[in-house]
Amino acid sequence: MFKRLMTTGLLFGMAATAPPATAQGCAPRDYIVDKLENRYAESLAGAGLQGRSQALLELWSNPESGSFTVLLTSPEGLSCIISHGSDYFAIEQKEALEGDLG
């Protein structure tokens with residue numbers, strides 16, 4: 001019984017710390033950024049910090065070709081491609097209207 005419980009705990013622990021199942025490749029951030037800029041002509045379209053881990057989530061895109069790539073970069077500088085695709089489009093942000101709402 002103890003062995004089964006220990007094995008189950010180890011498996012769930014490993015699964016919780018593993019990279020996302022959709023991660024398609026990991027490498028140093030500089031290497032991946034170089035490929036995105038030079039091979040796909042993508043540029044940084046947006047970014048933000050993800051929770052307590054302080055991982056950096058980045059969206060790279062090429063509006064002309066419609067290609068996009070989503071990267072997740074650890075504080076140590078290792079980037080993983082989370083998603084990529086085509087038909088990217090940007091949504092223009094609307095400015096807040098000034099005045100009373102009531």
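Calculation criteria
Residues numbered from 1 in each chain as written. Predicted model: local features only at pLDDT ≥ 70, side-chain atom pairs only at ≥ 80, totals over all residues. Heavy atoms only, no water. Disulfide = S-S within 2.5 Å. Helix = DSSP H or I, 4+ residues; strand = E, 2+ residues; numbered from the N terminus. Buried < 20%, exposed > 50% of the residue type's maximum accessible area, 1.4 Å probe, protein only. Contact = heavy atoms within 4.5 Å. Salt bridge = Lys/Arg side-chain N within 4 Å of Asp/Glu carboxyl O.

1. Here we look at the state of the cysteines
- Enumeration according to the criterion identifies one disulfide in this entry.
- Note on cysteine connectivity: C26 is disulfide-linked to C80, with sulfurs 2.0 Å apart. Taking the torsion about the S-S bond as the criterion, the C26 to C80 disulfide, at about 110 degrees, is right-handed. With C26 in strand β1 (residues 26–28) and C80 in strand β5 (residues 78–85), this residue pair connects regions lying 54 residues apart in the sequence.
- Residue C80 is classed as buried on the basis of its relative accessible area of 10%.

2. Observations regarding unusual backbone geometry
- The phi dihedral of Q54 falls on the positive side, at around 60 degrees, and the residue is not glycine.
- By secondary structure assignment, the location of Q54 is in the loop between β2 (43–50) and β3 (55–62).
- Taking the relative accessible area as the measure of exposure, Q54 reaches 43% and is therefore partly exposed.
- The phi dihedral of D87 falls on the positive side, at around 65 degrees, and the residue is not glycine.
- Note on placement: D87 falls in the segment after β5.

3. Here we look at the environment of L56
- In this structure, L56 sits in strand β3.
- Distance in space between the C-alpha atoms of L56 and T73 is 5.0 Å, their sequence separation being 17 residues.
- Residues contacting L56, with those up to four places away along its chain left out, are A47, G48, L49, L71, L72 and T73.

4. Quick notes on the pattern of salt bridges
- Throughout the structure, instances matching the rule amount to one salt bridge.
- A salt bridge links R29 to E58; the nearest nitrogen and oxygen atoms lie 2.6 Å apart. Residue R29 is located in helix α2 (residues 29–39), and its partner E58 is located in strand β3; the two are separated by 29 residues in the primary sequence.
- Given the relative accessible area of 25%, R29 is considered partly exposed.

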